[in-house]
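Coordinate analysis (summary)
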Amino acid sequence: MQGARTCDVLVIGGGLAGERAAIEAATAGLGVVLLSLVPPRRSHSCAAQGGMQAALGNCTKALGDTPTLHFVDTVKGSDWGADQEVARIFADEAPVAVRELAHWGVPWTRVRPGRQTYFVKGERVEIDEPEDKAGLIMHRDFGGTAKWRACYAAAGTGHAVLYAVDGEVVRLGVEVLDRMEALALIHEGGRCWGAVVRCLRTGTLGALLAKATVLATGGHGRIYGAHTTNATINEGTGASLALATGVVPLGNLEAVQFHPTGLVPSGILVTEGCRGDGGHLLNARGERFMVDLEPEKQELASRDVVSRHMMQQIKDGLGVESDFGSHLWLDLRHLGEAHLATKLREVKDICRDFLGIDPAREPIPVRPTQHYSMGGVRVNKDGQAYGMEGLFAVGEAACWDMHGFNRLGGNSLAETVVAGRVVGRRVVDHVRAKSLDVSASLATAFAVDVEKRIAAWTGRPAGGPSIYAIRDAMADTMLERVGVFRTGDELEQAVDTLRGLEADLARASLRHTGSGSNPELTLALRLEGMLRLSRITAEGALARTESRGAHARLDHPDRDDDRWLCRTLARWPEGAADPSYATEPVGLIDLPPGDRGYGRATTREMSQSIDAHNAAVPEGFARAGALATAEPIGARMAWGAWREVDPDRPVPDRIE
């Protein structure tokens, strides 16, 4: 190890969530080091296209929108799997966060007053936009929402937001160490003190000691290999680091979202903004099947519902056959060249660059593709990890749990900046109350363990299984057995296969064992964690004998609020061959479980009263390992406010 250095706050992950938390800490005058696998402007946050949800109510189809209505949509979208207090915090804070981004230079698409042309439910309509809203942030429609709420910058929202936020990071002088990875958290007695890090250029190890450590590494979609919209760096680093402590649990890993429109064959995301702007889904017969299957929401039902309908079309033989398997069509031709060249320009460019087609003239081949991990490092509402003081997590790496079992489109991009602000403030409070009272020998001990892990790989004799073959087998297993539709038999097969791959990994060897830049060694060091995340996902899905949101069990089609209105927690004790599982209450309930308004699901209702459920929540959280929060549980709830809104109140498509 080259040595150890110290800072107030160590942020592991250079995307929007990590950078926004770093900004909060740096603004407070703290010393911040941000660790990133890639230069921050190349993080996966830049791939977000369509929009960021915030209840501003600026355009005609957004009039009357409120944070309470956003809260209701988010809880319904989660299929009542969300922590409702966190959903409330998020909905209240989102408008502030979005306006702050405008101040930092995000070029939001703005309201143009007067008569404007849109496509609503497949029909071309004209709507008068109010003069007094001219120049304010514009909205587009997204799935599962009662109002137009997605603030957007054409089809490059993530790109625009990331560059603006990174500009603030640079302005504040945050130290960024890119092409660096964390290999182990330094911890002792339930207290985190930083991480052992490795330079991807040179292979050298070091230690970063900090009063607070923030995991912001994004999702772990690459356990599905190429069958994901995620970037190649989204291999679950943060979740694996937390799991390896043996103390910190992961929450709801079985909650995996498939985005309806992944480009075929690459899997690149085609934004929900396409359907929000009036795009149609077509089967091989050219039929708009969503009109009959979901007459109210049509193509803009929630992502889990649309993905299931699409896969059913393919299973029923109504997919379009191709060299890359069956797919469906996303038709944007009726939107016109001008619309595609402006509001959906990035989609037009992606289709040109990766398929050689013009979406103004040809339909786009799409099918559901793994997209988002609702589960992650379990944290309390302050973002602090269960069972580990000084460790925080934000963004997709965390199970803060505003998404439950299905995330609404646009809520994740908003979550990155909202959670960064909220959790960043708690990090500041934590750091100001603590001293860096840790021995350098502790860092050395963890570094020695990492050195032994590396030596074990580089010292293995040749001829063992290939780590690339193991990775690909893992990915195929996850897609085929832990996909959009799940059954007990297939999940059992997945678990058995993944156990076998863990055994293969113990015998695997490297073709290149040199020091310095070594991508094969880098993958080998991550693959054990990826396999563990895969097994927890499959085992959690096997244990959850219900269907909720994106977790669709064909052999258990009902949502079971009596038994499964809870969160799965998984820990992997140090030295153990298998994880251990527990559950905790889903959280305080304000909006009672009911019908989502789409999806046509059946439900087994709660036998326990909501009052009895809520009374047991604080003890249930504490028993699961939740640390004390700055405010009491429930302090941010707006009890009963949902009664004042009618999420199903119709808004006319034509306004004269």
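Below or above, wherever it landed, is the structure these notes cover. (Residues numbered from 1 in each chain as written. Predicted model: local features only at pLDDT ≥ 70, side-chain atom pairs only at ≥ 80, totals over all residues. Heavy atoms only, no water.)

1. Some details on the packing of helix H1 (residues 16-27) against helix H11 (residues 411-432)
To be explicit about the condition: Fitted lines through C-alpha atoms serve as axes, helices being fitted only where they are in contact, and the angles separating the N-to-C directions of these axes extend from 0 to 180 degrees. Helix and strand labels come from DSSP, where a helix needs a run of H or I of at least four residues and a strand needs a run of E of at least two; each type is numbered from the N terminus. Note on convention: near helix rotated counterclockwise from far helix by under a right angle means a left-handed crossing. Clockwise means right-handed. In what follows, a contact means two residues having at least one pair of non-hydrogen atoms within 4.5 Å. Amino acids outside the nonpolar list (Ala, Val, Leu, Ile, Met, Phe, Trp, Tyr, Cys, Pro) and the charged list (Asp, Glu, Lys, Arg) are all regarded as polar, and Gly is one of them.
Relative to each other, H1 and H11 sit at 35°, their axes nearing to 7 Å. Pair H1 / H11 crosses with right-handed handedness. Residues Leu-16, Ala-17, Arg-20, Ala-21, Glu-24 and Ala-25 of H1 touch H11, and the partners they reach there are Leu-413, Thr-416, Val-417, Gly-420, Arg-421, Gly-424, Arg-425 and Val-428. Across the contact of H1 with H11, the residue classes break down as 7 nonpolar, 3 polar and 4 charged.

2. Here we look at the pairing of strand E23 (residues 566-571)
To be explicit about the condition: Think of it in three bands: with a 1.4 Å probe and only protein chains considered, a residue is buried below 20% of the maximum accessible area for its type, exposed above 50%, and partly exposed in between. Paired strands, in this sense, are two strands between which DSSP finds at least two bridges.
Most of E23 sits out of view: 5 of its 6 residues are buried. As defined by bridge partners, strand E12 (residues 250-251) adjoins E23 across 2 bridges and the pair is classed as antiparallel. Note on E23: the bridge partner recorded for Gly-251 is Leu-569.

3. Notes on H11
The line we're drawing: By definition here, a helix of n residues has an expected span of 1.5 Å times n minus one.
With 22 residues, H11 extends 31 Å from end C-alpha to end C-alpha; this agrees with the ideal 32 Å at 1.5 Å per step. Burial analysis of H11 places 18 of its 22 residues in the buried class, the great majority of the element.

4. Brief notes about the packing of helix H3 (residues 84-103) against H11
Rule in force here: Each angle receives one of four descriptions, namely roughly parallel if under 35 degrees, roughly antiparallel if over 145, roughly perpendicular if within 65 to 115, and oblique otherwise.
One way to put it is that H3 packs onto H11 with a least axis distance of 9 Å and a crossing angle of 95°. Judged on the interaxial angle alone, H11 and H3 are roughly perpendicular. Contacts from Ile-89, Phe-90, Glu-93, Ala-94, Val-96, Ala-97, Glu-100 and Leu-101 of H3 reach H11 at Asn-411, Ala-414, Glu-415, Val-417, Val-418, Arg-421, Val-422 and Arg-425.

5. Notes on the packing of aromatic side chains
Under the convention used in this document: Put simply, two rings from Phe, Tyr or Trp (the six-membered ring, in Trp's case) pair if the centres are within 6.5 Å, and we call them stacked under 30 degrees between planes, edge-to-face over 60, tilted for the rest. Note on geometry: a ring has a charge over it if NZ (lysine) or CZ (arginine) is within 6 Å of the ring centre and within 35 degrees of the ring normal.
Scanning the model with the defined rule gives 2 aromatic pairs in all. In this structure, Arg-460 packs its charged tip against the face of Trp-457, placed 4.1 Å from the ring centre.

6. A word on the side chain of Thr-213
Selection criterion: By the criterion applied in these results, polar contacts are pairs of N or O atoms within 3.5 Å in which, for protein atoms, one can donate a hydrogen and the other can accept it, and in which residues neighboring in sequence qualify only through two side-chain atoms.
The residue Thr-213 is located in strand E11 (residues 205-215) in this model. Of note is the side chain of Thr-213, whose polar atom sits 3.4 Å from the backbone nitrogen of Gly-194.

7. What to know about the sheet that holds strand E6 (residues 139-140)
Reading across from one edge, E3-E7-E6 is the order of the 3 strands in this open sheet, with antiparallel pairing throughout. Bordering the open sheet on either side are strand E3 (52-53) and E6, each of which pairs with just one other strand. Pairing geometry for E6 and strand E7 (residues 150-151), over 2 bridges, is antiparallel. Among the inter-strand pairings, Arg-140 is bridged to a residue of E7, identified as Ala-150.

8. Quick word on the sheet that holds strand E16 (residues 364-373)
Strand order in the open sheet formed by 4 strands is E13-E16-E15-E14, with antiparallel pairing between adjacent strands. On the outer flanks of this sheet lie strand E13 (256-263) and strand E14 (280-282), each paired with one strand and no other. With direction set aside, neighbouring strand axes in the sheet form an average angle of 45°. Bridge count for E14 against strand E15 (residues 328-331) is 3 bridges, and the pairing is antiparallel. Looking across to E15, one finds that Leu-282 is bridged to Trp-329.

9. Some details on the pattern of salt bridges
Note the following rule: A side-chain nitrogen of Lys or Arg and a carboxyl oxygen of Asp or Glu constitute a salt bridge if their distance falls within 4 Å.
This structure, assessed with the given rule, holds 62 salt bridges. Of the charged contacts, one joins Glu-126 and Arg-115 as a salt bridge, the two residues approaching to 3.5 Å between their closest N and O atoms. On the criterion of sequence distance, the pair formed by Glu-126 in strand E5 (residues 123-129) and Arg-115 in strand E4 (residues 114-120) is long-range, its members being 11 residues apart. For Glu-126, a relative accessible area of 40% gives the class partly exposed. A salt bridge links Arg-179 to Asp-178; the shortest N-O distance between them is 3.4 Å.

10. Section: the side chain of Glu-584
Along the polypeptide, Glu-584 turns up in strand E24 (residues 580-585). The exposure class of Glu-584 is buried, given its relative accessible area of 2%. Of note is the side chain of Glu-584, whose polar atom sits 2.6 Å from the side chain of Arg-378. Here Arg-567 takes part through its side chain, which lies 2.6 Å from a polar atom of the side chain of Glu-584.

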